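# A look at the structure
Here is what each chain is made of, one letter per residue.
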Amino acid sequence: MSGDPSEEELEELRKQKMEQLKEQQGDEGEAQEAAKQQADAQKQAVLKQNLTDGARKRLNTVKMSKPQVGEQIEQQVVALAQSGRVQGRIDEDQMKELLSELTPDSKSFDIKRR
């Protein structure tokens, strides 16, 4: 042997390296998933603490019909709670106001016949 690895040895080294990379990516993915679940649990705790039952029901209804709008509302409520701008709990009427502020007005069309 002249010090050059054979083709079989090179292939074996490549396989080992690929397995190591896959394991590292799997570990990182699990850590990210755990962090995401923890953040979601914290967000749900803040929402439960700052929303009344009626407001939570309304928010869940909005999330089912318009998930993006529901996420925006949740983020807004969490931001308000963390900044200390929420006095007491947000009730259903206040949730309606938040929804009307954050959702764009639907366009209405008046059709006039001649």
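For the structure itself, look to the data block above.
Figured I'd write up the structure that's included with this text. (Residues numbered from 1 in each chain as written. Predicted model: local features only at pLDDT ≥ 70, side-chain atom pairs only at ≥ 80, totals over all residues. Heavy atoms only, no water.)

## Notes on the layout of surface pockets
Its boundaries defined by the atoms lining it, the largest pocket holds a volume of some 190 Å³. Along its surface, the largest pocket is lined by Leu80, Arg85, Val86, Gln87, Arg89, Ile90, Gln94, Glu97, Leu98 and Glu101. The biggest single contributor to the lining of the largest pocket is helix H4 (residues 92-102), with 4 residues. (1 Å grid on protein atoms, 1.4 Å probe; cavity = no way out; pocket = protein on both sides within 12 Å on 5 of 7 lines; lining within 4 Å. Points joined across faces, edges and corners; volume = space filled by probe spheres on them. Helix = DSSP H or I, 4+ residues; strand = E, 2+ residues; numbered from the N terminus.)

## Examining the nonpolar core
Among the nonpolar cores identified, the biggest contains 16 residues, and Leu47, Leu51, Leu59, Ile73, Val77, Ile90 and Met95 are the most heavily contacted of them. Per-element accounting of this core gives the leading share, 5 residues, to helix H3 (residues 67-83). What Ile90 contacts, discounting residues up to four positions off in sequence, is Asn50, Leu51, Thr52, Ala55, Val77, Met95 and Leu98. (Core = buried A, V, L, I, M, F, W, Y, C linked by side-chain atoms within 4.5 Å. Buried < 20%, exposed > 50% of the residue type's maximum accessible area, 1.4 Å probe, protein only. Contact = heavy atoms within 4.5 Å.)

## Overview of helix H1 (residues 7-50)
If you check H1, its first and last C-alpha atoms are 65 Å apart, about what 44 residues at 1.5 Å a residue would give, namely 64 Å. Along H1, the residues that are buried comprise Lys43, Val46, Leu47 and Asn50. Buried residues along H1 sit in contact with helix H2 (53-65) and H3. (Expected span 1.5 Å × (residues − 1).)

## Focus: the pattern of salt bridges
For the structure on display, the rule yields 7 salt bridges. Glu11 serves as the salt-bridge partner of Arg14, at 3.5 Å between the closest nitrogen and oxygen. Taken as a pair, Arg14 and Glu11 lie in helix H1 at a separation of 3 residues, close to a single helical turn. What makes Arg14 partly exposed here is its relative accessible area of 48%. Looking at Glu11, the relative accessible area reads 37%, which means it is partly exposed. For Glu74, the salt bridge goes to Lys43, with nearest N and O atoms at 3.0 Å. Taken together, the residues span a long stretch of sequence, with Glu74 in helix H3 and Lys43 in helix H1 at a distance of 31 residues. In this structure, a network of salt bridges that share partners links the residues Asp40, Lys43, Lys63, Glu71 and Glu74. (Salt bridge = Lys/Arg side-chain N within 4 Å of Asp/Glu carboxyl O.)

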